[in-house]
Amino acid sequence: MNEICNLNKEITVKPYAPNIGGVITGVDLSKDVSDYELNLIKEAFYKYQVLFFQQQSEISPENHIKLGKSFGELHIHPAAPKMKSFPEIFEIHTHKDSKISNGAENFHSDVSCDLEPPLGTMLQLHILPAYGGDTMFANMYMAYENLSKPMQSFLNGLRALHESEHFYRNRYEKQDELDPNKKYPSAIHPIVRTHPETKKKALYVNKFFTTRIEGLSKQESKLILDYLFNHCEKTEFQIRYRWNRNDMAFWDNRCTLHKALWDYHPMERKGRRVTIKGDQPF
Ligand code: SIN
């Protein structure tokens, strides 16, 4: 990755680490983002895969939605509780009474169980624990490129089932509010997907949602998936981001996995996220 690059005199993008991530300063996300800034952000997004906008103030739900929409139509989460009057917003909130984390305790790509999973997610955190609550991100181009050529060829022909019933049911809703007839999404996606913008290949499986490889026996499928889940979590593909209050992270779900560390209970962590609709993986 390049050293610090000054994209223009106000906006600065620095690599967060050699493998993945960029830190952006000089863009005020609480104000309208100009076309010029938008183009620079997109360029950095494709290059660094996850961006951390620092020195921000808390942005309102309205502005968060508006900002997300500048990258595409917004995705509505199929299961998580929605913010009152803002169905596009997924509130992230864990505190002393939380029994489970915010649904991100393992490496995953957001809602990969959807037929057209989200392109990216924008999360701003407003309340942070005094320590802990970092988020890990992993580079799935690197995960693919670090497989042997025969393994790459084998995986290139395969597709896998991504399911969500086992993960979403009982997670967000109280038992007595559950709708037994509610249908949770599932989809079949290629194990190796091509990023529609960069044209690079990325591994596209994750522990939360990927349950079965098409065409293989149950035993074969489990063996390969367990191998891939472990492979994706190699430390050399990862970073660990320590949040500052009001940082906005914007990650590309098509070529990264992420995991939020649940190590700060009973302290509080709170923020809001929007996701931008993506297309069907190919
Ligand atoms: C998420 O998957 O959106 C949550 C990430 C986080 O809480 O850091």
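Residues numbered from 1 in each chain as written. Predicted model: local features only at pLDDT ≥ 70, side-chain atom pairs only at ≥ 80, totals over all residues. Heavy atoms only, no water.

A. Spatial organisation of the overall build of the protein chain. A tally of regular secondary structure across the protein chain gives six helices and 18 strands. By the compact-globule yardstick of 19 Å for 282 residues, the protein chain fits well, its C-alpha radius of gyration being 18 Å. Along the three orthogonal principal directions, the C-alpha set of the protein chain runs to about 55 × 50 × 35 Å. Taken across its 282 residues, the protein chain has 55% of its residues classed as buried. (Helix = DSSP H or I, 4+ residues; strand = E, 2+ residues; numbered from the N terminus. Rg over C-alpha atoms; globule rule 2.2 N^0.38 Å. Buried < 20%, exposed > 50% of the residue type's maximum accessible area, 1.4 Å probe, protein only.)

B. Geometry of empty space enclosed by the protein. Applying the stated criterion across every chain yields a total of two cavities of 30 Å³ or more. For the largest cavity, the calculated volume is near 180 Å³. Of all the secondary structure elements, the ones that give two or more residues to the lining of the largest cavity are β7 (86-94), α5 (165-168), β17 (256-260) and β18 (269-276). When residues in the lining of the largest cavity are grouped by element, the largest group, three residues, is from β17. Of the residues that constitute the lining of the largest cavity, the class distribution is 12 nonpolar, six polar and four charged. There is about 50 Å³ of room inside the second largest cavity. Lining the second largest cavity are His-75, Ile-76, His-77, Lys-82, Pro-87, Glu-88, Ile-89, Phe-90, Arg-273, Val-274 and Thr-275. The set of elements that each furnish at least two residues to the lining of the second largest cavity consists of β7 and β18. In terms of residue count, β7 provides more of the lining of the second largest cavity than any other element does, four residues in total. Residues that form the lining of the second largest cavity fall into these classes: five nonpolar, three polar and three charged. (1 Å grid on protein atoms, 1.4 Å probe; cavity = no way out; pocket = protein on both sides within 12 Å on 5 of 7 lines; lining within 4 Å. Points joined across faces, edges and corners; volume = space filled by probe spheres on them. Nonpolar A, V, L, I, M, F, W, Y, C, P; charged D, E, K, R; others polar.)

C. Broad picture of the environment of Phe-282. Relative to the helices and strands, Phe-282 is located in the segment after β18. Note on Phe-282: relative accessible area 47%, which makes it partly exposed. Remark: the alpha-carbon pair of Phe-282 and Ile-76, spanning 206 residues in sequence, is separated by 22 Å. Each residue touching Phe-282, except ones within four places of it in the same chain, is listed here: Pro-190, Val-192, Arg-193, Thr-194 and Pro-196. (Contact = heavy atoms within 4.5 Å.)

D. Expanded view of the layout of surface pockets. Of the voids in this model, the largest pocket is the one considered here, and its volume is about 400 Å³. If you trace the largest pocket, you find 16 residues lining it, with Pro-81, Glu-91, His-93, Ser-101 and Tyr-172 closest to the centre. By residue number, the principal contributor to the lining of the largest pocket is β7, which donates five residues. Taken together, the residues of the lining of the largest pocket sort by class into five nonpolar, seven polar and four charged.

E. Spatial organisation of the sheet that holds strand β10 (residues 159-163). Read across the open sheet, the three strands follow the order β11-β10-β14; overall the sheet is antiparallel. Of all strands in the sheet, those bounded by a partner on one side alone are β11 (186-190) and β14 (210-213). Geometrically, the sheet is characterised by an average inter-axis angle of 30° between neighbouring strands, direction not taken into account. Sheet topology note: the β10/β14 ladder contains three bridges and is antiparallel. In the strand pairing of β14, His-162 is matched with Thr-210. (Pairing = 2+ DSSP bridges. Axes fitted to C-alpha atoms, helices over the stretch in contact; angles between N-to-C directions.)

F. Quick peek at the site of the ligand. Around the ligand sit Asn-102, Ala-104, His-108, Asp-110, Leu-123, Thr-135, Trp-251, His-258, Ala-260, Arg-269 and Arg-273, and those are all the residues in its vicinity. Within the complex, the protein chains bury 99% of what would otherwise be the 260 Å² of accessible surface of the ligand. When atoms are counted within 2 Å of each cavity's grid points, the one that captures over half of the ligand is the largest cavity. Looking at the shell around the ligand, the elements that each hand over two or more residues are β17 and β18. Each residue belonging to the shell around the ligand can be placed in one class, and the counts come to four nonpolar, four polar and three charged. (Near = heavy atom within 4 Å. Areas by Shrake-Rupley, 256 points an atom, 1.4 Å probe, with all protein chains shown as cover. Sits in = over half its atoms within 2 Å of the grid points.)

Just geometry here; none of it tells us what the structure is for.
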